[in-house]
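# Coordinate analysis (summary)
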Amino acid sequence: CVVICGGLVAPVVAHAETESSTEAKLARMLMPGQPFRQRNKLSLNAVTALGLIMRTENVEDPTYVAARKVVSDQVAVIMKLDAEKLHTSWSRAPRDHQIAVLAAITQLNGRYVEGKEDPYVQMDCSGLQWYAWRIAGVDAPRQAVSQLDRHMRVERKDAIVGDIAGEGTHVQMYLGQGLAFIHAPFNGKRVLFKTMGPEQAARVVWTNPSNIATYRL
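Quick look at the structure, then. (Residues numbered from 1 in each chain as written. Predicted model: local features only at pLDDT ≥ 70, side-chain atom pairs only at ≥ 80, totals over all residues. Heavy atoms only, no water.)

## Let's talk about the packing of aromatic side chains
Heads up, the rule is: Note on aromatic pairs: the rings of Phe, Tyr and Trp (six-membered ring only in Trp) are paired at centre separations within 6.5 Å, and the planes decide the class, stacked below 30 degrees, edge-to-face beyond 60, tilted for the rest. Secondary structure elements follow DSSP: runs of H or I of four or more residues count as helices, runs of E of two or more count as strands, with numbering from the N terminus. Here's how the labels work: a residue is buried when its accessible area is under 20% of the maximum for its type, exposed when over 50%, partly exposed in between, all with a 1.4 Å probe on protein chains only.
Inspection of the entire model under this criterion finds three aromatic pairs. Judged by centre distance (5.2 Å) and plane angle (90 degrees), the ring pair of Y174 and W206 falls under edge-to-face. Taken together, the residues span a long stretch of sequence, with Y174 in strand β8 (residues 170-174) and W206 in strand β11 (residues 205-207) at a distance of 32 residues. Grouping residues by exposure puts Y174 and W206 together as buried. Ring centres 5.7 Å apart and planes at 45 degrees place the aromatic pair F181 and W206 in the tilted group. Of this pair, F181 sits in strand β9 (residues 180-183) while W206 sits in strand β11, and the two are 25 residues apart along the sequence. Exposure remark for F181: the relative accessible area of 0% places this residue in the buried category. When its relative accessible area of 4% is taken as the criterion, W206 is described as buried.

This is the structure we're talking about:
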C-alpha cells in the first residue's frame, strides 16, 4: 500500500518483528542486575560465599564456612559425591584454592565462546580457569597449554580442589573429590560439571596454578 502525504507518495513497508528483535527489546526493558538475579541458585550461593571470603583472610570464619558448605552440599548432590568429604576437602584447601573454585562455580551455565572470558556472559575453557584464579589473586597464564606448564605440575594423588587437569588444549578445574570437575566444554555448550572417565583421567596432567608464583620468582 502507499501513503499520500503533501503530494508525495511513499510506500509503507510492513516489518515482521523477528524473534531476535523481540528478545533484544525485552532485554533492554530488564531492570539493572535482573539478568544476574535470574541465574541459577547454585551460582548465586557461590557469589554469596565468594563475597564473604574476599572480605577476610580467615577461612574458618563461621559465616563464610556456613555459606561455603551450602555450595559444596549442592555440588555433592548434583555430582553424587559424599557431602561431608567434599566439605572437608574444601575446608583443608588454601584460601586461594577455595576462592578459585567458588569463582568458577559463579560462572555455571555461562555460554562457551572461544577466546572469551567475560564474567556471567561467555567463557572458554582456559578463560574460566584464568578468571577464577585471577579472582583468587594468582596471575595465571591465559592459554590452556600454558596452564598445564610443567613448572606447575602436581601428582594426581596430591591434587586438591581448584587444581587444573587437562590434555592438549582443554582444561578443567578439579572439585576436590573423585573425578568431579567444572569446565567450559566447547562451542554450543555452557559451563557445567562433569565426571571424568578413567581413561581420560589416566591421560591428563595436573597443575596447581598457585605454583606459578614460585615459578616466576
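## Remarks on the sheet that holds β8
Put simply, the rule reads: In this scheme, strands are said to pair when DSSP sees at least two bridges between them. In what follows, residue pairs with any heavy atoms lying within 4.5 Å of each other are defined as contacts. Fitted lines through C-alpha atoms serve as axes, helices being fitted only where they are in contact, and the angles separating the N-to-C directions of these axes extend from 0 to 180 degrees.
Reading across from one edge, β6-β11-β7-β8-β9-β10 is the order of the six strands in this open sheet, with antiparallel pairing throughout. The sheet is open, and its two borders are formed by β6 (153-154) and β10 (192-195), each paired with just one other strand. Looking at chain direction, β8 and β9 are connected through two bridges and run antiparallel. Counterpart to Y174 in the pairing with β9 is F181. Packed onto the sheet, helix α4 (residues 62-79) meets β9 and β10 and runs at close to 55 degrees relative to β10.

## Structural notes on the side chain of R68
Heads up, the condition is: The sign given to each residue is positive for Lys and Arg and negative for Asp and Glu; His and the chain ends receive no count. In the sections that follow, a salt bridge refers to a side-chain nitrogen of Lys or Arg positioned within 4 Å of a carboxyl oxygen of Asp or Glu.
Following the sequence through the fold, R68 ends up in helix α4. Of the side chains with opposite charge, E84 comes closest to the buried, unpaired R68, at an N-O distance of 8.6 Å. Leaving out residues up to four positions away in the same chain, R68 has contacts with A49, V59, H87, W90, S91 and Q98.

## Digging into the packing of helix α3 (residues 41-53) against helix α6 (residues 95-106)
Here is the rule we go by: Each angle receives one of four descriptions, namely roughly parallel if under 35 degrees, roughly antiparallel if over 145, roughly perpendicular if within 65 to 115, and oblique otherwise. Here a crossing is called left-handed whenever its near helix is offset anticlockwise from the far helix by less than a right angle, and right-handed whenever the offset is clockwise. Put simply, Ala, Val, Leu, Ile, Met, Phe, Trp, Tyr, Cys and Pro go in the nonpolar bin, Asp, Glu, Lys and Arg in the charged bin, and everything else, Gly too, in the polar bin.
Close contact between α3 and α6 brings their axes to 8 Å; oriented N to C, the two are set at 150 degrees. Classed by the angle they form, the pair α3 and α6 counts as roughly antiparallel. Crossing of α3 over α6 shows left-handed handedness. Judged by residue contacts, L42, S43, A46, V47, A49, L50 and I53 of α3 engage R95, I99, L102, A103, I105 and T106 from α6. Taken together, the residues that form the contact of α3 with α6 break down as 10 nonpolar, two polar and one charged.

## Let's talk about unusual backbone geometry
With the exception of glycine, most residues fall at negative phi, and the peptide bonds are largely trans. Despite not being glycine, N109 has its phi angle at roughly 80 degrees, a positive value. Note that N109 resides in the loop between α6 and β3 (111-112). Judged by its relative accessible area of 44%, N109 is partly exposed.

## A few points about the pairing of strand β7 (residues 164-167)
As paired strands, β7 and β8 are joined by four bridges and run antiparallel to one another. By the bridge assignment, E167 is partnered in β8 with H170. Pairing between β7 and β11: three bridges, direction antiparallel. From the neighbouring strand, A165 faces β11, where its bridge partner is W206.

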